[in-house]
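# What the coordinates show
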Amino acid sequence: MNVNHHPTLEPAFVLNRRPYRETSLLVEAFTAKSGRVGLVAKGARRGKIPLAPVLEPFRPLLLSWRGSGELFTLTVAEPDDSVCSPRIWSVKSGFYVNELLLRLLRRHDPSPDIFEDYRQVLKRIPVPGQEEPALRIFEKRLLAAIGYGLSLDQDAETGRPVEHEKSYRYQPGRGFVEDHGAPCISGDFAITVRGGTLIALGRETLQGSEQLREAKHLMRTILRGYLGEAPLASRMLYR
Amino acid sequence: MTDNTLIEHLVTSLRCLPGVGPKSAQRMVYHLLGRDRDGGRILANTLRAAMDDIGNCRLCRTFTESELCALCVSESRDPSLLCVVETPANVAAINRGTDYNGRFFVLLGHLSPLDGVGPGHLGIDQLKKRLDTGDIREVILATGSTVERQATAHYIAEFVRERGILVSRIALGVPLGGELEFVDSGTLAHALSGRGEYR
Ligand SMILES: [Zn+2]
């Protein structure tokens, strides 16, 4: 898609930004209709009313831009006061989701569903008890949106429905296969998980510390296969 | 002017200074060469000495040519108050503009998870050691209010509290001489939630 001019304001979030030249910012934004875009905010760090304080991660914004090529020029940025701004005190998880989007979404690839999911996960991260399940649901939906959806209710080998009490082994690119306790092929992706966890993840009803722990481990393993070698910076830092 | 001459080299070198573009760099060079060679020599010598000899204070990490900076050595400052800031420039600003009379700790940056800047870059171990000396009664967080800087404050506050030390944070809000209608909604929310008793 060739976005040469975008005169209307589009709902967006800043995923990351860094200083660019002397007074500008380079902004990685996630927008409702245009997906991820790279924007140069000229003079954002100086001037009478600098834009930099507005261009903050996790804050609902309205943006417009112009230009062509890989980087656009930001023309308008204002806070979207029609949407409640999530208050994220412990921003660890917020940076983590931002990094997932930066690593897994390509620029100029619209994904309106993920935009809505992103909005939801930001809302739920600060709510006590909701952070972990919300992150797992977001990870699952993000994988589906980029074409790596998981089939969580079916045994990939037999086609039979996944059963609560059975154990399943994850096979990259294929899905989940019932684990009969056979010696497992060692490697990064050798992971087994209970059927109940798969079903709950599929229905988005994860609960209890055991299920959440299993689901977290599972999603981390699966995501590692798509994120490649470089570890997630947002995860490494706090260890 | 041809490339690779000393003049050209000097112009390029001056451009490492913030706010100095090719034109102003050239003006500086011609000024020094034409009118103030002595000033230029003093500048060159001082610059070299400063770059070679100025390091970081062993206690607070601010710039100093000694092992300890003047603020850490000073007997008249309250050793039970520790103000955590991002840069040596912040130390100078607080010293100049306020009557704060405690000690400082300089992070020399802020957490920036997506750019790979973590606690290890901010002297956090050093800060923890400082807290463990038992002299400190209150830690004042004076980092800025961007998301990354708030994350930095949050991160520090957690381990300060664990040690049973009081943590406070500088107030965020409406600027002096400011009108409410020009204050953005985020700042306004902070100002309201951090309101104080009217005195
Ligand atoms: Zn010092």
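Worth saying up front: this structure is predicted, and the values here are computed from it rather than measured.

## Here we look at the pairing of strand β5 (residues 138–141) of chain B
Of the two faces of β5(B), the one holding B:Val139 and B:Leu141 is buried and the one holding B:Glu138 and B:Ile140 is not buried anywhere. Of the crossover connections in this fold, the one passing from β5(B) over helix α7 (residues 147–162) of chain B to the parallel strand β6 (residues 166–169) of chain B is right-handed.

## Details of the interface of chain B and chain A
At the junction of the two partners, chain B supplies 13 residues and chain A supplies 21 residues. Contributing elements (two or more residues each) for the side of chain B that touches chain A: α7 and α8 (185–193) of chain B. In terms of residue count, α7(B) provides more of the side of chain B that touches chain A than any other element does, three residues in total.

## As for the domain arrangement of chain B
We note that the domain assignment places domain 1 (6–53) and domain 2 (63–193) within chain B. For domain 1 of chain B and domain 2 of chain B, the distance between their C-alpha centroids amounts to 34 Å.

## Observations concerning the sheet that holds strand β3 (residues 78–85) of chain B
Neighbouring strands of a sheet are bound in pairs by backbone hydrogen bonds; such pairs are parallel or else antiparallel. All names here are of chain B. On the basis of which strands lie adjacent, the open sheet formed by four strands has the order β4-β3-β5-β6 and parallel pairing. Since the sheet does not close on itself, it has two edges, and those belong to β4 (102–106) and β6, each with one partner. Across the sheet, the mean angle from the axis of one strand to that of its neighbour is 25°, orientation sign disregarded. Bridge analysis of β3 against β5 gives four bridges, and the strand direction is parallel. Bridge pairing in β5 links Leu82 to Val139. Its contacts with the sheet put helix α5 (residues 88–97) on β3 and β4, and the angle it makes with β3 is roughly 125°.

## Some thoughts on helix α4 (residues 195–203) of chain A
Residue and element names in this part refer to chain A. Along α4, the residues that are buried comprise Gly195, Thr197, Leu198, Ala200 and Leu201. Packed against the buried residues of α4 are α3 (131–145), β6 (167–171), β7 (175–178), β8 (192–194) and α5 (209–227). Remark: Glu204 follows α4 within two positions and exhibits a positive phi of approximately 60°.

## A word on the pairing of strand β2 (residues 24–31) of chain A
Residues and elements named next belong to chain A. For β2, a buried count of six out of eight residues is recorded, marking the element as mostly surrounded by other parts of the structure. Where β2 lies against strand β3 (residues 35–41), seven bridges are found, and the strand directions are antiparallel. Pairing of Val27 across the sheet is with Leu39, part of β3. Between β2 and β3, which pair antiparallel in sequence order, lie three residues.

## Some thoughts on the domain arrangement of chain A
Residue and element names in this part refer to chain A. Under the domain assignment used here, chain A contains domain 1 (5–144) and domain 2 (150–236). The centre of domain 1, based on its C-alpha atoms, is set 30 Å off from the matching centre of domain 2. Across the boundary between the two partners, domain 1 contributes twelve residues, which contact 15 residues of domain 2. Where the side of domain 1 that touches domain 2 is concerned, the elements lending two or more residues are α1 (92–104) and α3. Looking at the side of domain 1 that touches domain 2 element by element, the count peaks at seven residues for α3.

## Examining the confidence of the model for chain B
Residues at a pLDDT of 70 or more form 98% of chain B, whose mean pLDDT is 91. Across the predicted assembly, pTM comes out at 0.81 and ipTM at 0.72.

## Overview of the nonpolar core
It is characteristic of soluble globular proteins that their nonpolar side chains tend to be buried jointly. Of all hydrophobic cores here, the largest spans 68 residues; its most connected members are A:Phe13, A:Ala29, A:Ala41, A:Leu55, A:Tyr118 and B:Val84. Once residues within four sequence positions are removed from consideration, A:Ala29 is found in contact with A:Ala12, A:Phe13, A:Val14, A:Leu15, A:Val37, A:Leu39 and A:Leu63. A:Leu152, A:Leu198, A:Leu218 and A:Met219 belong to the second-largest nonpolar core, a separate cluster that totals 13 residues.

## Observations regarding the packing of helix α2 (residues 112–124) of chain A against α3(A)
Residue and element names in this part refer to chain A. It is the contact of α2 with α3, at a shortest axis distance of 9 Å, that shows an interaxial angle of 170°. The angle between α2 and α3 places the two elements in the roughly antiparallel class. Here Asp113, Ile114, Asp117, Val121 and Arg124 of α2 lie close against α3, whose contacting residues are Glu131, Ala134, Leu135, Phe138, Arg141, Leu142 and Ala145. Residue composition of the contact of α2 with α3, by class: seven nonpolar, no polar and five charged.

Calculation notes
- Every chain's residues receive numbers from 1 upward, in the order its sequence appears when written.
- Throughout, the order in which chains and ligands are written sets their labels, letters from A for the former and numbers from 1 for the latter.
- The model is predicted, so local features are restricted to residues of pLDDT at least 70 and side-chain atom pairs to those at 80 or more, both for listing and for counting; the totals for chains, interfaces and linings are taken over all residues.
- Each residue is classified by how many other C-beta atoms fall within 10 Å of its C-beta atom, where C-beta atoms are placed from the backbone; a count of 20 or more means buried, 12 or fewer means exposed, and values in between mean partly exposed.
- Strands are runs of DSSP state E lasting at least 2 residues, helices are runs of H or I lasting at least 4, and numbering of each runs from the N terminus.
- A crossover counts as right-handed when, viewed with the strands pointing away from the observer, the path leading from the first strand over the helix to the second turns clockwise.
- Residues are defined as contacting one another if the C-beta atoms placed from their backbone atoms lie within 7 Å.
- Domain boundaries shown here were taken from an automatic or database domain assignment.
- Only strands that DSSP links by at least two bridges are regarded as paired with each other.
- In this analysis an axis means a line fitted to C-alpha atoms, helices contributing only their contacting stretch, and an angle means the value between N-to-C directions, from 0 to 180 degrees.
- Every residue carries a pLDDT, the predictor's confidence in it, which falls somewhere between 0 and 100.
- For the purposes of this analysis, a nonpolar core is taken to be any set of buried Ala, Val, Leu, Ile, Met, Phe, Trp, Tyr and Cys residues that are connected through C-beta atoms within 7 Å.
- An angle below 35 degrees is read as roughly parallel, one above 145 as roughly antiparallel, one from 65 to 115 as roughly perpendicular, and any other as oblique.
- Three categories are distinguished: nonpolar for Ala, Val, Leu, Ile, Met, Phe, Trp, Tyr, Cys and Pro, charged for Asp, Glu, Lys and Arg, and polar for the others, with Gly belonging to the last.

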